[in-house]
Amino acid sequence: MLELTEAEFERLVSEAIDEIPPELAEMMDNVVILIEDEAPDDAPEVLGLYEGTPLTERGEWYTGVLPDTIRLFRLPILRICETPDDAVEEVLITVVHEVAHHFGIDDDRLHELGWA
């Protein structure tokens, strides 16, 4: 398992978010990105999780709701990484994957695109 401090991991996440093209970043709406140490007990191998209503499913009813969340799980990501370069790549893949869910892209399509 690769050892990174919380601050170092947060920097990787910030850099991955900066890789989102500005025109897409501007369309993200009512979503927060959180970093947690561990994934849920029922899915310990999960690296990230999107919880909310994708942009493609929002309608007029979507007002006054709490933000959607993208949760990134630091320790599961670091467990599968051997080098800092591995961590950079895995964080980027995980951020893109979860942001894609915010845009309504499902896992099957992400697999086809190579972002799974």
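Residues numbered from 1 in each chain as written. Predicted model: local features only at pLDDT ≥ 70, side-chain atom pairs only at ≥ 80, totals over all residues. Heavy atoms only, no water.

- Per an unreviewed UniProt entry, the protein goes by the name Metallopeptidase family protein and belongs to Jiangella rhizosphaerae.

1. Focus: the overall build of the protein
Item 1. Each helix and strand counted, the protein has five helices and three strands in total.
Item 2. Element order for the protein, N to C, with α for helix and β for strand: α-α-β-β-β-α-α-α.
Item 3. What you see for the protein is a C-alpha radius of gyration of 14 Å, in line with the 13 Å of a compact globule of 116 residues.
Item 4. When its C-alpha atoms are laid out on the principal axes, the protein stretches across 45 × 30 × 30 Å. (Helix = DSSP H or I, 4+ residues; strand = E, 2+ residues; numbered from the N terminus. Rg over C-alpha atoms; globule rule 2.2 N^0.38 Å.)

2. A few points about the sheet that holds strand β2 (residues 48–51)
Item 1. Strand order in the open sheet made by the three strands is β1-β3-β2, with mixed pairing throughout. Two strands in the sheet have a free side with no partner beyond their single neighbour: β1 (31–36) and β2. Between one strand axis and the next, the sheet turns by 15 degrees as a mean value, whatever way the strands run.
Item 2. Two elements, β2 and strand β3 (residues 68–73), share four bridges in a ladder whose sense is antiparallel. Paired with Y50 across the strands is I70, a residue of β3.
Item 3. Along the sheet, helix α1 (residues 6–18) contacts β1 and β3; its crossing angle with β1, the most-contacted strand, is approximately 150 degrees. (Pairing = 2+ DSSP bridges. Axes fitted to C-alpha atoms, helices over the stretch in contact; angles between N-to-C directions. Contact = heavy atoms within 4.5 Å.)

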